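Report on the structure
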Amino acid sequence: MPSFHDITGQQRGIRILQSFLKKGETPPSLLFEGNAGVGKRRAAEIFAQTILCQSPSIPPCSEDPENPSDTPYLLEPCESCLSCRKMNGKNHPDFTVLEPDGNIIKIDQIREIQGKLVYRPVEGPKKIVLIDPADKMNGAAANALLKTLEEPPIYAVLILISALGSSLLPTLRSRCQKIIFQPLSFLHIVKTLMKEKGWTKTEAQRIAVTATGGLKEALSMTAEEAQEIDEQRHALISHHDLFETAAGFAGDNDLFESALTYLMTWFRDILVLKSLIKTRQDNPAFILFSWRHEEMEDWATEWTLSEICSFLGNIQTVRDAQTRNVHRQLSLETLLLQLRKRRTTRA
């Protein structure tokens, strides 16, 4: 049974959605924005089901005493009415999910949705459209949707979901009520994996780092997969051929972003270790790559604080430049070349 209580770490966003539900006043357009795997899609579906439910209610609260919620009394779908059964069967006439046709959402898909919104709801109080991921709309589709957002039917609710909200047209963003989904903390993901999957702390930490903050991805990953991905990414900071490594991570945006995130996290840990060494502390609990603690100690000894901060700045510069369609492989080759040169100089 889907429940708002199942969406962990997003109390603020859930409170906002609950206020809409309890007041019976839902904005005509919402943008669910946040990292991949933090519960945006699930929250949108439960929200839509609650709106369409014929008998929504606040069920008795049965919380984990070790992790109490600050939103214990939540309006939830009843799961037994005809509307809920149709939602669970994915055949509710007043609920539509729009997803990419191939790699993009095209203008014809938006026009089809607009055609459906001409007609009033068949059964429920609202006609709800979920667009996921909204950042996959091409320019023509986004401009077409803008017309609907400017003058939506009174019975329409459009929910846009995006992990890259900043890539949406500013005019689209400005017409949506934003619901921000926060990144899940590293510790939260580790504890969840240890509890639900029975992983050791080291296995859970490796998976949590590999999944880059997405609980959904972390829960679906095996310890062996996480170890393999970790070894592949470790080539970024090892003596592996830099051109081959850069080519392997420049294939698409997701791979490239994972490389930048790995480098950023690695140097974040070095910075933490450097600070611990200066204060005569040495606690691997403070670093994310705890299973590479000894290797990272060597890095922290070799690099100065100014060098670490400078390289972190270079990584961020490359990340920011991607909005201008800078050549990914060349950018990564340049970063890795800087890294290799500094290590060679120190050796």
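Scroll up to find the structure this text is about.
Report on the accompanying structure. Only a predicted model underlies this, so the values are computations on that prediction, with no experimental measurement involved.

So, how was this worked out
- Residues numbered from 1 in each chain as written.
- Predicted model: local features only at pLDDT ≥ 70, side-chain atom pairs only at ≥ 80, totals over all residues.
- Heavy atoms only, no water.
- Core = buried A, V, L, I, M, F, W, Y, C linked by side-chain atoms within 4.5 Å.
- Buried < 20%, exposed > 50% of the residue type's maximum accessible area, 1.4 Å probe, protein only.
- Contact = heavy atoms within 4.5 Å.
- Helix = DSSP H or I, 4+ residues; strand = E, 2+ residues; numbered from the N terminus.
- Arc of directions from axis to C-beta.
- Pairing = 2+ DSSP bridges.
- Right-handed = clockwise from strand over helix to strand, strands pointing away.
- Salt bridge = Lys/Arg side-chain N within 4 Å of Asp/Glu carboxyl O.
- 1 Å grid on protein atoms, 1.4 Å probe; cavity = no way out; pocket = protein on both sides within 12 Å on 5 of 7 lines; lining within 4 Å.
- Points joined across faces, edges and corners; volume = space filled by probe spheres on them.
- Nonpolar A, V, L, I, M, F, W, Y, C, P; charged D, E, K, R; others polar.
- Phe/Tyr/Trp six-rings, centres within 6.5 Å; stacked < 30°, edge-to-face > 60°.
- Lys NZ or Arg CZ within 6 Å of the ring centre and 35° of its normal.

1. Section: the nonpolar core
Phe4, Leu17, Leu30, Phe32, Phe47 and Ile159 are the most contacted members of the largest nonpolar core, which totals 41 residues. What phenylalanine 47 contacts, discounting residues up to four positions off in sequence, is Phe4, Leu17, Phe20, Leu21, Thr26, Leu30 and Ile159. In terms of nonpolar packing, the next biggest core, distinct from the first, is built from 33 residues, Leu273, Leu276, Ala300 and Leu335 among them.

2. What about helix 13 (residues 293–302)?
Among the residues making up helix 13, those that are buried are His293, Met296, Trp299 and Ala300. Projection of helix 13 onto a plane perpendicular to its axis shows the buried side chains occupying an angular sector of 115°, all on one side. Facing away from the buried surface of helix 13 by more than 90 degrees, the exposed residues are Glu294 and Thr301.

3. Some remarks on the pairing of strand 2 (residues 95–98)
Relative to strand 3 (residues 127–131), strand 2 is paired through four bridges, and the arrangement is parallel. Considered in strand 3, the bridge of leucine 98 is made with isoleucine 131. Handedness of the crossover is the feature at issue here: the chain leaves strand 2, passes through helix 4 (residues 107–117), returns alongside strand 3, and the resulting connection is right-handed.

4. Side note on the pattern of salt bridges
Under the definition given, this model contains 14 salt bridges. Arginine 319 serves as the salt-bridge partner of glutamate 257, at 2.6 Å between the closest nitrogen and oxygen. Residue glutamate 257 is located in helix 12 (residues 253–278), and its partner arginine 319 is located in helix 14 (residues 305–321); the two are separated by 62 residues in the primary sequence. Linked by salt bridges that have partners in common, Arg41, Glu45, Glu99 and Asp132 make up one network.

5. Focus on empty space enclosed by the protein
One simple way to see leftover space: roll a probe sized like a water molecule over the atoms. Counted by the stated rule, this structure contains one cavity of 30 Å³ or more. Each pocket or cavity is described by its volume, and for the largest cavity that value is around 40 Å³. Every residue along the wall of the largest cavity is listed here: Pro93, Asp94, Phe95, Thr96, Ile113, Lys116, Leu117, Lys127, Ile128 and Val129. Grouping the amino acids of the lining of the largest cavity by side-chain chemistry returns six nonpolar, one polar and three charged.

6. Considering the packing of aromatic side chains
Describing an aromatic ring pair means giving the distance of the ring centres and the angle of the ring planes. Evaluation of the coordinates by the stated rule reveals eleven aromatic pairs. Each ring, one from tyrosine 262 and one from tryptophan 266, has its centre 6.2 Å from the other, and the planes form 15°; the classification is stacked. With tyrosine 262 and tryptophan 266 both in helix 12 and four residues apart, this pair spans about one turn of that helix. As far as the burial class goes, tyrosine 262 and tryptophan 266 line up, both buried. For the ring pair phenylalanine 289 and tryptophan 291, a centre distance of 5.5 Å and an interplane angle of 70° mean the geometry is edge-to-face. Counting every residue linked through ring pairs, the aromatic cluster contains Tyr262, Trp266, Phe267, Phe289, Trp291, Trp299, Trp303 and Phe311. Between the NZ or CZ atom of arginine 206 and the centre of the ring of tryptophan 291, over which it lies, the distance is 5.0 Å.

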